[in-house]
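Summary of structural features
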Amino acid sequence: MFGVLDVSTSALVANRTRLDAIAANIANVDVPVDPRSKDAPFSERVVEFASGDPVSGASGGVHVAQITPRNAFRRAYEPWSDKADPQGYVRYPDIDPVVQQANAMLAMRSYDANLAAIDATKSMIDASLRILA
Amino acid sequence: MINDLLSNPSLLALERSLQFMSARQKLLASNLANAETPGYRPVDVEPRAFQSALREALDDGRVDGNGSLAFNDGGPVSFEGGETQLEPTVLGENVLFHDGNDRSMERMFQRLTENVYTFRMASQLLRGQFESLGAAIRERP
């Protein structure tokens, strides 16, 4: 029975990771330099889920399979910037805040759904503890 | 004498039901956890299939080495070696999503709620059985 809590918790962790990535995407929407790559702009992080939980080894559950950078950039004409190319354009990440908000809502709803599943499982555990007590 | 007390059919049926429902809960929680997983197909074991297997086992009065009900081989539910094994079926896919994952939260929560409340009912009944046994032992209600 306690294995069920592993399953739901893996989904909480996965969705929290996704929300972290979305928060980073929104925060870095105007960052022309990714601290990781030094010269390229920040690129949108896209979180991909896969079923199964390699951490606990359980068959059920979900985990973050990979976080891929979506290398899409927009260009702004800012010749005064030291990040500008010879034509005077600075590259910024092509992140749409509306898409990010929609993804954030999905992640939150999914988080809530799994919290509700945990509550349901807890009431089952309570009931089975009361059989003999 | 004590064996006969502990092997009455309703006690055996309740034991198997609780085992089945706690195993099924894991499938349902997994479906919810994978609501956002591309290409995932939700799975479940229909309670009806379990109920008909339970009825067969009760009608035949088959009991395994531990004194629990023994189920037919080949069904969707088996209790080999004290472990509850489920053979889930894949629920339908949803053509509205290009990866085919159904994502039907309402249906999943309906199944989950149903499962939880049947579990609580079964555990309440089991508790009642043990309480009446206790009353018989104490010789007072």
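Residues numbered from 1 in each chain as written. Chains lettered and ligands numbered in written order. Predicted model: local features only at pLDDT ≥ 70, side-chain atom pairs only at ≥ 80, totals over all residues.

A separate point is the overall build of chain B. Summing up its helical and strand segments, chain B has four helices and four strands in all. Relative to the 2.2 N^0.38 estimate, which gives 14 Å for 141 residues, the radius of gyration of chain B is 18 Å and therefore markedly larger than a compact globule would have. Viewed in the frame of its principal axes, chain B has a C-alpha envelope of about 65 × 35 × 20 Å. Sequence-distant contacts, at least 24 apart, represent 66% of the contacts inside chain B between residues at least 6 apart. (Helix = DSSP H or I, 4+ residues; strand = E, 2+ residues; numbered from the N terminus. Rg over C-alpha atoms; globule rule 2.2 N^0.38 Å. Contact = placed C-beta atoms within 7 Å.)

Check the secondary structure of chain A and you find two helices and four strands. Its helices and strands in sequence order give chain A the pattern α-β-β-β-β-α, from N to C terminus. Across the 133 residues in chain A, those meeting the buried criterion constitute 27%. Put simply, 60% of the contacts in chain A that link residues at least 6 apart link residues at least 24 apart. (Buried ≥ 20, exposed ≤ 12 C-beta atoms within 10 Å, placed from the backbone.)

Here we come to the interface of chain A and chain B. Opposite the 27 residues of chain A that make contact, chain B presents 23 residues. Mapped by element, the contributors of at least two residues to the side of chain A that touches chain B are α1 (2-27), β1 (44-53), β2 (58-70) and α2 (97-129) of chain A. It is α2(A) that provides the largest number of residues to the side of chain A that touches chain B, a total of eleven residues. Residues belonging to the side of chain A that touches chain B are distributed by class as follows: 15 nonpolar, eleven polar and one charged. (Nonpolar A, V, L, I, M, F, W, Y, C, P; charged D, E, K, R; others polar.)

Let us look at unusual backbone geometry. Residue and element names in this part refer to chain B. In the Ramachandran plot, Arg 103 falls in the positive-phi region, its phi being about 55 degrees despite a non-glycine side chain. Positive phi values are uncommon outside glycine, yet Glu 139 reaches one of about 60 degrees. Assignment of secondary structure puts Glu 139 in the segment after α4 (105-138).

Our focus in this paragraph is the confidence of the model for chain B. In this model, chain B carries a mean pLDDT of 88, and residues with pLDDT of at least 70 account for 99%. Of the two predicted TM-score estimates for the complex, the pTM is 0.88 and the ipTM is 0.86. (pLDDT = per-residue confidence, 0-100.)

Moving on: the environment of Ala29(B). Residue and element names in this part refer to chain B. With respect to the helices, strands and loops of the structure, Ala 29 is situated in helix α2 (residues 9-33). For Ala 29, a count of 29 C-beta atoms within 10 Å translates into the label buried. Each C-alpha atom of the pair Ala 29 and Phe 79 lies 21 Å from the other, and the pair is 50 residues apart in sequence.

Core analysis: the largest hydrophobic core is formed by 37 residues, its most contacted members being Ala29(B), Leu32(B) and Phe119(B). Of all the secondary structure elements, the ones that give two or more residues to this core are α1 and α2 of chain A together with α2, α3 (47-60) and α4 of chain B. If you tally residues by element for this core, the top one is α2(B), at eleven residues. Once residues lying within four places of it in the same chain are set aside, the contact partners of Ala29(B) are Val4(A), Val7(A), Ser8(A), Gly60(A), Ala117(A) and Thr121(A). (Core = buried A, V, L, I, M, F, W, Y, C linked by C-beta atoms within 7 Å.)

All names here are of chain B. Turning to its location among the elements, Ala 13 is positioned in helix α2. Look at Ala 13 and you get partly exposed, because 19 C-beta atoms sit within 10 Å. Setting aside chain neighbours within four positions, we find Ala 13 in contact with Leu 54, Leu 58 and Leu 69.

Time to look at the packing of α1(A) against α2(B). The interhelical angle for the contact between α1(A) and α2(B), taken along N-to-C directions, is 0 degrees, at an axis separation of 9 Å. Considered as vectors, α1(A) and α2(B) are oriented roughly parallel to each other. Counted together, Gly3(A), Val4(A), Val7(A), Ser8(A), Ser10(A) and Ala11(A) of α1(A) and Gln25(B), Lys26(B), Ala29(B), Ser30(B), Leu32(B) and Ala33(B) of α2(B) form the full contact between these two elements. Counted by class, the contact of α1(A) with α2(B) contains six nonpolar, five polar and one charged residues. (Axes fitted to C-alpha atoms, helices over the stretch in contact; angles between N-to-C directions. Parallel < 35°, antiparallel > 145°, perpendicular 65-115°, else oblique.)

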